[in-house]
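Breakdown of the fold
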Amino acid sequence: MGDLSAITGDLAPTGTLRAAVNLGNPVLAHGTPADPGGVTVDLAREAAARLGVPVEFSCFDAARKSFEAVTSGAADLAFLAIEPARAAEVAFTAPYVVIEGGYVVADGSPFATPADVDRPDVRIGVKQGSAYDLYLTRTLRHATIVRGEDGVTAFEAEGLEVAAGIRRPLTAYVASHPGTRLLPGRFMEIRQAVCTTPDRRPETLAFLHELVEELKATGFVADALRRANQDATVAPPA
């Protein structure tokens, strides 16, 4: 793994590990900026403990803001979905958890599967800068993406045909909004990973990679998800 003191100085140059946390993704984080919790918070605390430094959290309501924090140098570490549009600016570990992306439609919608929605007359609400925004921007051929603070917010406010989002919160949304339904299956698999800037020392990147693999293998990630009452899937070994 290399010299731990050198890794610490590289990854936490201020003497504190500064972690960007996205409270807008309830699978990964919850709580308030003053008292965050969830699997990403647990991972950041464990990384800081291994390095022997305190941890400081910068909490945001969207993934794009976490991305901006780590790429600007305001944070040392972030927790983001692996996407080609981001990989040019951050170095990812292998994923630690896999989340499904799903679609919500009105009860009267003719769509039966996620593949049905990519049509010229379909508008899909997404959270701006989210992993599924990036994925759908890259893969949709016919449907129109409508970006907002949240997929279901845009869906409601603009009378869209489809809302895209993370499956678990969409399931809760449908349960509390009669007249809507969740399409079976997923349109994407969102692979969440730890990331930092690619200019780190090779030993630093290896430290993060090995830490994630260890915490998956030992059950740390699964336990953190259970404590947060989340049923996401722990990613397989890299």
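Reference entry: report on the structure contained in this document. These numbers were taken from a predicted model, which means no experiment stands behind them.

1. With respect to the overall build of the protein chain
- Assigned secondary structure in the protein chain consists of nine helices and 13 strands.
- Computed over its C-alpha atoms, the radius of gyration of the protein chain comes to 18 Å, within 12% of the 18 Å expected for a compact globule of 238 residues.
- Referenced to the eigenvectors of the C-alpha coordinate spread, the extents of the protein chain come out at roughly 60 × 35 × 35 Å.
- Within the protein chain, buried positions represent 52% of all 238 residues.
- Residue pairs in contact within the protein chain that sit at least 24 positions apart in sequence constitute 70% of those at least 6 positions apart.

2. A few points about the packing of aromatic side chains
- Under the criterion given, the structure shown has three aromatic pairs.
- Between Phe 79 and Tyr 96, the ring centres sit 6.5 Å apart and the planes meet at 85°, which makes this aromatic pair edge-to-face. Of the two residues, Phe 79 sits in strand 5 (residues 77-81) while Tyr 96 sits in the loop between strand 6 (91-92) and strand 7 (97-106), which places them 17 residues apart along the sequence. A single burial state applies to Phe 79 and to Tyr 96, both of which are buried.
- When the centroid spacing of 6.3 Å and the interplanar angle of 35° are considered together, the rings of Tyr 135 and Phe 187 count as tilted. With Tyr 135 in helix 5 (residues 131-139) and Phe 187 in the loop between strand 11 (180-182) and strand 12 (188-196), the pair connects residues that are 52 residues apart, well separated along the chain.
- Of the aromatic side chains, those joined through ring pairs into one cluster are Tyr 103, Tyr 135 and Phe 187.

3. Observations regarding unusual backbone geometry
- The residue Asn 229 is not glycine, and still its phi comes out positive at about 60°.
- Here Asn 229 lies in the loop between helix 9 (220-227) and strand 13 (233-234).

4. As for the side chain of Ser 66
- You can see Ser 66 is positioned in helix 3 (residues 63-72).
- Given a relative accessible area of 1%, Ser 66 falls into the buried group.
- Apart from residues lying up to four places away in sequence, Ser 66 is in contact with Ala 20, Val 21, Asn 22, Phe 60, Ala 78 and Leu 80.

So, how was this worked out
Residues numbered from 1 in each chain as written. Predicted model: local features only at pLDDT ≥ 70, side-chain atom pairs only at ≥ 80, totals over all residues. Heavy atoms only, no water. Helix = DSSP H or I, 4+ residues; strand = E, 2+ residues; numbered from the N terminus. Rg over C-alpha atoms; globule rule 2.2 N^0.38 Å. Buried < 20%, exposed > 50% of the residue type's maximum accessible area, 1.4 Å probe, protein only. Contact = heavy atoms within 4.5 Å. Phe/Tyr/Trp six-rings, centres within 6.5 Å; stacked < 30°, edge-to-face > 60°.

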